[in-house]
Amino acid sequence: MNFDEVNDALFVAGLVASPAELHGLLCGVICGGQNLERAHLCRLAGLLLDAEPDEIEPLGDTLVMLYEQAVGQIRKGGFVFHPLLPADDTAIDQRIVALGEWCQGYLFGLGQSGLDRDAGLAAEIAEVLRDMAAISQVGIDDGADDDEMSYMELVEYVRVAVLLVAAELDNSGEPDQSALH
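Everything numeric in this text was worked out from a predicted model, so none of it was measured.

1. Regarding the overall build of the chain
Point 1. A count of helical and extended segments in the chain gives eight helices and zero strands.
Point 2. In sequence order, the secondary structure elements of the chain are arranged as α-α-α-α-α-α-α-α.
Point 3. Looking at the chain as a whole, 43% of its 181 residues are labelled buried.

2. Regarding the side chain of H23
Point 1. Position of H23 relative to the elements: it lies in helix α2 (residues 19-31).
Point 2. Given a relative accessible area of 1%, H23 falls into the buried group.
Point 3. In this structure, H23 is in contact with L66, A70, F81, H82, P83, L84 and W102, ignoring residues within four places of it in sequence.

3. Observations concerning the environment of V97
Point 1. In this fold, V97 is placed in helix α6 (residues 92-112).
Point 2. Taking relative accessible area as the criterion, V97 reaches 43% and is therefore assigned partly exposed.
Point 3. In this structure, the C-alpha to C-alpha distance between V97 and V138, residues 41 residues apart in sequence, is 7.4 Å.

4. Let's talk about α6
Point 1. With 21 residues, α6 ought to run about 30 Å at 1.5 Å a step, and its terminal C-alpha atoms sit 30 Å apart, in line with that.
Point 2. All of the buried residues in α6 are R95, I96, A98, L99, G100, W102, C103, G105, Y106, G109 and L110.
Point 3. Buried-residue contacts for α6 involve α2, α7 (123-135) and α8 (147-169).

5. What to know about the nonpolar core
Point 1. The biggest cluster of nonpolar side chains holds 55 residues, and the ones touching the most others in it are L22, L63, W102, Y106, M132, V162 and V165.
Point 2. Taken together, the elements giving at least two residues each to this core come down to α1 (3-12), α2, α3 (38-49), α5 (60-75), α6, α7 and α8.
Point 3. If one sorts the elements of this core by residue count, α8 sits on top with nine residues.
Point 4. Apart from residues lying up to four places away in sequence, V165 is in contact with C31, Y106, L110, I125, V128 and L129.

6. So, the pattern of salt bridges
Pairing is possible between side chains of opposite charge, provided their charged atoms come close.
Point 1. All chains considered together, the criterion is met by four salt bridges.
Point 2. Between E57 and R38 there is a salt bridge whose closest N-O contact spans 2.7 Å. With E57 in the loop between α4 (53-56) and α5 and R38 in helix α3, this residue pair connects regions lying 19 residues apart in the sequence.
Point 3. Residue classification places R38 among the partly exposed positions, given a relative accessible area of 27%.
Point 4. E148 is paired through a salt bridge with R95; the nearest N and O atoms lie 2.6 Å apart. On the criterion of sequence distance, the pair formed by E148 in helix α8 and R95 in helix α6 is long-range, its members being 53 residues apart.

7. Some words on the confidence of the model for the chain
Point 1. Residues with a pLDDT of 70 or more make up 86% of the chain, whose mean pLDDT is 86.
Point 2. Per-element averaging of pLDDT across the chain places α4 at the bottom with 86 and α2 at the top with 95.
Point 3. A low-confidence stretch, residues 172-181 stays under pLDDT 50, and its non-local contacts, those more than four residues away or across chains, total eleven contacts.

Each value, and the rule that gives it
- Residues numbered from 1 in each chain as written.
- Predicted model: local features only at pLDDT ≥ 70, side-chain atom pairs only at ≥ 80, totals over all residues.
- Heavy atoms only, no water.
- Helix = DSSP H or I, 4+ residues; strand = E, 2+ residues; numbered from the N terminus.
- Buried < 20%, exposed > 50% of the residue type's maximum accessible area, 1.4 Å probe, protein only.
- Contact = heavy atoms within 4.5 Å.
- Expected span 1.5 Å × (residues − 1).
- Core = buried A, V, L, I, M, F, W, Y, C linked by side-chain atoms within 4.5 Å.
- Salt bridge = Lys/Arg side-chain N within 4 Å of Asp/Glu carboxyl O.
- pLDDT = per-residue confidence, 0-100.

This is how it looks when you write it as structure tokens:
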């Protein structure tokens, strides 16, 4: 699924939300070690979007597909994971905002996964999470020439950071091969 497809599904469901933030949420719970079923996905999306379960249900199939896509990318290994962000031809300011929203959703998802702030995270992981919090607050430099390059560097950092967090927090030793039904 791409950004526009998720955005369209949110619109059809009558939900005002960021596809990036929703994807970040799903990636956060995956990195936190959660294996979710449809009902739990809907509850989490409802928490994020401040919506009732019946408002989220029309989004259910999209949530399941987006979740399965994210599980496949994160747990597969290698570097196939990419945060769900607007296409490169979208205005840079919109892409930067979406990256910040993605990081907000990711941190929310990690929190919802039961990750304890005092769990004794490795220093490297704690630093990555602080960086993600800073990226979630990123702003625009009023059309600075280096916005595009800075954005691309931040996206690459987030991409690698998510894989690092997932590897560090994965206690199973085996990639998850389960499918969501």
